[in-house]
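# Overview (structure and organization)
Spelled out from the first residue to the last, the chains are:
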Amino acid sequence: MIDVLKKKIAPHFSNLLPLSELDLVNLMEAPKDIKFGQVSMPVFRFSKQLKKAPPMIAKEFAQLLSDKNIEDVAEVTSVAGFVNFRFEDQFVQELLFSNVQKLGSKMGDSHHGEGQTIVIDFSSPNVAKPMSVGHLRATMIGQAIYNICQSQGYKMVGVNHLGDWGVQFGRLAVAYEMWSSEYDFDTQPMKSLFAIYVRFHEEMEKNPDLESQGSLTFKKLEEGDESLKKLWQKFIDISLNEYNQVYDILGIQHDATLGESFYNDKMKSAEKLLEDKGILEESEGAMIVRLDEFDMPPCLIRKSDGASLYATRDLACALYRHNEQKGDKLVYVTGMDQNLHFSQLFKVIEKLGYEWAKNCKHIGFGMYKFADGKMSTRKGNVIFLRDIVDKAIAMCEKIIEEKNPNLVNKKEVAKQVGVGAVIFNDLSGDSNKDVKFDWDKVLDFEGDSGPYIQYSGVRCKSLIDKYSSDIKFDSCVELSSNEERALIRHLLLFSDVVRTSFENYKPHYVANYALDLAKLFNNFYHKCQILKAEDSLKSARMTLVYSSLTILTKALSLLNIEIPERM
Ligand code: ARG
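Residues numbered from 1 in each chain as written. Predicted model: local features only at pLDDT ≥ 70, side-chain atom pairs only at ≥ 80, totals over all residues. Heavy atoms only, no water.

## Quick word on the site of the ligand
Neighbouring residues of the ligand: D121, S124, N126, H135, H161, Y310, D314, Y332, T334, Q338 and F342. Take H161: an N or O atom from its side chain is 3.4 Å from a nitrogen atom of the ligand. Expressed as a share of its isolated accessible area of 350 Å², the protein-covered part of the ligand is 90%. Contributions of two or more residues to the shell around the ligand are made by α12 (310-323) and β10 (329-335). Grouping the amino acids of the shell around the ligand by side-chain chemistry returns three nonpolar, six polar and two charged. (Near = heavy atom within 4 Å. Polar contact = N/O pair within 3.5 Å; in protein donor to acceptor, adjacent residues only side chain to side chain. Areas by Shrake-Rupley, 256 points an atom, 1.4 Å probe, with all protein chains shown as cover. Helix = DSSP H or I, 4+ residues; strand = E, 2+ residues; numbered from the N terminus. Nonpolar A, V, L, I, M, F, W, Y, C, P; charged D, E, K, R; others polar.)

As structure tokens, this is what we get:
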């Protein structure tokens, strides 16, 4: 919405600065201090051309434009190299209120991607293993990007690319034969499955014979052995059942679950394409695609023993996503340790001569760093997603029990807040950075946390519950305190922030926007009387509360965070 304001200003610069109106709009920003208004034009980069110091240019422009009496602009000022525009409060406020009324939960949406499809690969855990904190990132960053792209009009296809193929399934089958009776597969299937997996790998170190047994069994599975296939399916079902419980708690939805095995019968034709293109080479018995020209190691397509690889499956998979699932863009969300894998994959696609290689994007993310020892690491240094989420919910239950024991729906609220806390902590930093995890901060209701933001939303909800009849979207009196102006300006920035988030595939823009919104709302709430204000002022303020909640709800929903009714 801030665009509306920028577009009003741009034409007035068109004979002052050598830029198109669109470029002028793109150059404008919001002044640091709200007292300077909503829109600011930096002039630094014209200093050379105009042969003047930036503050001089800004000062002259401000004078010139002030004299022009631009419609709806209350004041034009200059500070250093910026020309600042403060619009009439009434005008800005009406722009906000009328949009909130008209768009409601569609605030921030656009038609930008209409007619285009994005296939996004996210979460994608490995069968027989519980999801790790890494998968928490793959899941939450992926779902947030899914939501954000969808809000920009793209048709989204979210795919869960299960790791459901490879020699480990031969090993698991052997382990199951040997030890399943010692474990309780009926009541604790996932725990048991993972236990035999870990046990097999431990035993294998001492007894290399097991390794070859595992490989042999996998070979049989590949050849289509019926009873092995049944067992393999059982492992998948057990795992999916566990994953679905997690997805339920986190509100995750995939449009398709197509594991690596789905591409088993599609790899031959992919390899054939490489061959026909003349880029498949033999090297020490293996088949590779050289990527020397990109300064990358070769992409291994087939091992010397004939086995296919992760990359082979991903090549077949990318072709499927482009050709069959009609993805105009293919997005992959995994840890940064797979950066090279995806760079290679995309280069192989490029070498095949497919232009759409440039529309393939890997979003690599950083790792979790645990600040305290409370979350002890398990064997192999893996921390499980489920343990974090369960613990967050349990801690919230305890906090509620202490602070608000009469709250209705305690369990549901604890879930919303616990999950919200974990998600916000994950998404508030740039995804390519590591995530600091410190329980005290994650659940600090007064700090920069999910619960703090949710609590601001709850505050809005309880006001609206009681005073909804005061809300009215037109002919409100003017709100002109600094707190109100700052909040209104921030609300106007929402669609820009969603767009930036979308363009960079980075949810943290939306997360930080929501945090700032909560802070600005609380400043407003503490400084401006709502209930004791006279009727027309109360109305305007309640409409601002409503607008804040509408946009906060939308921002959080893009991140899969809910606002409880009470907390
Ligand atoms: N299963 C992999 C992992 O857990 C992620 C798969 C990502 N998707 C892909 N098409 N390679 O690390």
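## A look at helix α9 (residues 209-222)
Relative to the 20 Å expected for 14 residues at 1.5 Å per residue, α9 spans 20 Å between its end C-alpha atoms, a close match to the ideal helical length. Here α9 has its buried residues at L210, G214, T217, F218 and L221. Burial along α9 is one-sided: seen end-on, the buried residues are contained in an arc of 105 degrees. Exposed residues lying more than 90 degrees from the buried face of α9 are L216 and K219. Each element contacted by the buried residues of α9 is listed here: α7 (168-179), α8 (189-206) and α10 (226-250). Of the residues trailing α9, G224 is marked for its positive phi of about 100 degrees. (Expected span 1.5 Å × (residues − 1). Buried < 20%, exposed > 50% of the residue type's maximum accessible area, 1.4 Å probe, protein only. Arc of directions from axis to C-beta. Contact = heavy atoms within 4.5 Å.)

## Re the side chain of N425
Along the chain, N425 turns up in helix α15 (residues 410-427). N425 sits in the buried class, given a relative accessible area of 16%. At 3.3 Å, the side chain of N425 forms a polar contact with the backbone oxygen of K436. Dropping the residues within four chain positions of it, N425 is found in contact with V435, K436, F437 and V442.

## Focus on the sheet that holds strand β5 (residues 155-160)
The pairing of strands in a sheet comes from backbone hydrogen bonds and takes either a parallel or an antiparallel form. The strand order across the open sheet built from five strands is β6-β5-β4-β10-β11, with neighbouring strands paired in parallel fashion. Each edge of the open sheet is held by one strand with a lone partner, namely β6 (256-257) and β11 (360-365). Direction of pairing for strand β4 (residues 117-121) relative to β5: parallel, over a ladder of five bridges. Residue pairing in the sheet places D121 in a bridge with V159 of β5. Contacting β10 and β11, helix α13 (residues 339-351) runs over the sheet at an angle of about 175 degrees to β11. (Pairing = 2+ DSSP bridges. Axes fitted to C-alpha atoms, helices over the stretch in contact; angles between N-to-C directions.)

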